Amino acid sequence: MKKVVKFGGSSLASAEQFKKVGDIIRADESRCYVVPSAPGKRFSSDTKVTDMLYTCYAAAEQGDDFSDKLEAIKARYQEIIDGLELNLSLDDEFETIRKNFEARSGKDYAASRGEYLNGIIMAEYLGYEFIDAADVIRFNGDGSFNAELTNTIMSTRLSNVERAVIPGFFGAKSDGSIKTFSRGGSDITGSIVAKAVLANLYENWTDVSGVLVADPRIVKNPEVISTITYKELRELSYMGASVLHEDAIFPVRKAGIPINIRNTNAPEDPGTMIVERTCQIPPYIITGIAGKKDFVAVNIEKDMMNSEIGFGRKVLAAFEKYGISFEHMPSGVDTMTVVIHQAEFVEKEQKVLTEITHLVQPDSLELESDLALIAVVGRGMRESRGTAGRIFAALAHAKVNVKMVDQGSTEMNIIIGVKNRDFETAIRAIYDIFVESQL
Ligand code: ASP
């Protein structure tokens, strides 16, 4: 049994957090490969080390004196080293970083030092080998990630290393220059390592006890989802549920490795299992609810639209021409609605509307702005009757007017459009009917 364990920034923000992490790793000897993030926030107004590094490097790039900023970063690490009573000095590392900043070694190099240094401390603390991600994670010259080459290099390098720490978030191009993933990218490193060593499980340790049924800023103390499929998670993440970096799913999913989201501050909680398939019956009909505000619906009406072949394609071509992707497209016999992100549409709206008018000469063309979309997701919905009915009854009861509905043929999700102002009320009403009232 081999597990890859990734710890997020808040799990490694201080010596006290490091100790919890150490206990977790030592409690299970199959936790062989450790992927740390950079130290995150110790309290809500604190600054993540990654952000401190970006700011510090920006000063260096401007030619400003950045020594105080670099000292403040060093102090964050020193506090951890002292708290863990380690006999470790990062003086030489910081001297190298200072020189490289002066030599303008790049923003990615700068940001990556957060994980790199935390990895060195973690390896020392655990007595594990430290493997620099720059040696085992490869990016192409154009900055894209080279999955195949990485897998070959990483699996070879780890084949006879029983226990190691590999810092998250970055790798290098073949010329040695450092490249990071996008923000939150240590999740991706964990997944890549799990695939390379063919781990049995990828544990992703964070500061919540798993994926929640609904956003805790909207629903008070939402339930934790015990098992979720990759497909369900993708639907929820797309609609704003932030759990894992999106790109973290692909490597492990391909390799058939489940992910377990766990809480460093409550290690006894089982967390959420993210799996390809399961016959576990979900405790509720729905698995989760997520949503986003600020969409616009463009309503197009034209008599006999249904018989005009190519109508839909022409309408969508108008959006495509201006680089706007559409989210949903509910339609009637003589009406068609295209739902898009308001922010993306606003600047180009007149151009798009003119284009639609030229292409299809609609009888009417109307806009409805300030819409929110809510996704109600659940593999259990396929097996049960009346789910949509219950959603609408709950919304009607909460006096929320439903503006749009879209259900995919897989019956795994129902998308509901409501006014922005009704967003929170709608989510609470749906949560109450499917979860709260079942407890
Ligand atoms: N430290 C990086 C960030 O703040 C990467 C990560 O934590 O996953 O985005």
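Right above here is the structure, for reference.
About the criteria used
- Residues numbered from 1 in each chain as written.
- Predicted model: local features only at pLDDT ≥ 70, side-chain atom pairs only at ≥ 80, totals over all residues.
- Heavy atoms only, no water.
- Helix = DSSP H or I, 4+ residues; strand = E, 2+ residues; numbered from the N terminus.
- Rg over C-alpha atoms; globule rule 2.2 N^0.38 Å.
- Buried < 20%, exposed > 50% of the residue type's maximum accessible area, 1.4 Å probe, protein only.
- Contact = heavy atoms within 4.5 Å.
- Areas by Shrake-Rupley, 256 points an atom, 1.4 Å probe, with all protein chains shown as cover.
- Lys, Arg positive; Asp, Glu negative; His and termini not counted.
- Charge placed at Lys NZ, Arg CZ, Asp CG, Glu CD.
- Pairing = 2+ DSSP bridges.
- Axes fitted to C-alpha atoms, helices over the stretch in contact; angles between N-to-C directions.
- Expected span 1.5 Å × (residues − 1).
- Near = heavy atom within 4 Å.
- Polar contact = N/O pair within 3.5 Å; in protein donor to acceptor, adjacent residues only side chain to side chain.
- Nonpolar A, V, L, I, M, F, W, Y, C, P; charged D, E, K, R; others polar.
- Phe/Tyr/Trp six-rings, centres within 6.5 Å; stacked < 30°, edge-to-face > 60°.
- Lys NZ or Arg CZ within 6 Å of the ring centre and 35° of its normal.

A.B. asks: So, the overall build of the protein: which residues are in play, and what are the values?
C.D. replies: In terms of regular secondary structure, the protein is built from 15 helices and 17 strands. In terms of overall dimensions, the protein is globule-like: its C-alpha atoms have a radius of gyration of 25 Å, near the 22 Å expected for 439 residues. Judged by the C-alpha coordinates and their principal axes, the protein covers about 75 × 50 × 40 Å. Residues classed as buried in the protein amount to 51% of the 439 residues present. Here the contacts in the protein between residues at least 6 apart in sequence split such that 75% fall between residues at least 24 apart. Element-wise, carbon and sulfur atoms account for 48% of the exposed surface of the protein, whose accessible area totals about 20,300 Å². For the protein, the distance from the average position of its 50 positive side-chain charges to the average position of its 63 negative side-chain charges is 2 Å.

A.B. asks: Could you give an account of the sheet that holds strand β17 (residues 413-419), with specific residues and numbers?
C.D. replies: In space, the six strands of this open sheet follow the order β13-β14-β12-β15-β17-β16, with antiparallel pairing throughout. The outermost strands of the open sheet, each flanked by one partner alone, are β13 (326-328) and β16 (404-407). Put simply, the sheet's adjacent strands are angled 40° from each other on average, direction ignored. Sheet analysis places strand β12 (residues 288-301) next to strand β14 (residues 335-341), joined by seven bridges and oriented antiparallel.

A.B. asks: Which residues make up the sheet that holds strand β7 (residues 178-180), and what are the values?
C.D. replies: The three strands are arranged β4-β6-β7 in an open sheet whose pairing can be described as mixed. Edge strands, defined here as strands with exactly one partner in the open sheet, are β4 (138-139) and β7. Here strand β6 (residues 170-173) pairs with β7 via three bridges, running antiparallel. Looking across to β7, one finds that Gly171 is bridged to Lys179. Strands in contact with helix α5 (residues 107-126) are β6 and β7; relative to β7, the strand with the most contacts, it is inclined by about 75°.

A.B. asks: Give a description of helix α15 (residues 423-434) that names residues and reports values.
C.D. replies: For α15, spanning twelve residues, the distance from its first C-alpha to its last is 17 Å, which sits close to the expected 16 Å at 1.5 Å a residue. For α15, the complete set of buried residues consists of Phe423, Ala426, Ile427, Ala429, Ile430, Tyr431 and Phe434. Elements in contact with the buried residues of α15: β12, β15 (364-377), α14 (387-397) and β17.

A.B. asks: Can you explain the site of the ligand? Please cite residues and give values.
C.D. replies: What surrounds the ligand is the set Ser37, Lys48, Thr50, Glu115, Phe169, Arg183, Gly184, Gly185 and Ser186. Take Lys48: an N or O atom from its side chain is 3.2 Å from an oxygen atom of the ligand. Contacts to the ligand include Gly184, whose backbone N or O atom sits 2.8 Å from an oxygen atom. Across the shell around the ligand, the residue classes tally to one nonpolar, five polar and three charged.

A.B. asks: Give me the packing of aromatic side chains: which residues, what numbers.
C.D. replies: Scanning the model with the defined rule gives eleven aromatic pairs in all. For the pair Tyr116 and Phe130, a centre-to-centre distance of 5.7 Å together with 80° between the ring planes defines the contact as edge-to-face. One end of the pair, Tyr116, is in helix α5; the other, Phe130, is in strand β3 (residues 129-130), and 14 residues separate them in sequence. Centre to centre, the rings of Phe145 and Phe181 are 5.5 Å apart; their planes meet at 65°, and the pair counts as edge-to-face. Taken as a pair, Phe145 in the loop between β4 and α7 (147-158) and Phe181 in the loop between β7 and α8 (186-196) lie far apart in primary sequence, 36 residues in all. The class for Phe145 is partly exposed, based on a relative accessible area of 27%. Ring pairing ties together the aromatic residues Tyr57, Phe66, Phe101 and Tyr109, which thus form one cluster. Over the aromatic face of Tyr125 sits the side chain of Arg26, whose NZ or CZ is 5.2 Å from the ring centroid. Note that Lys292 overlies the ring of Tyr238, its terminal NZ or CZ placed 5.3 Å from the centroid.

Function cannot be read off these values alone, since they describe shape.
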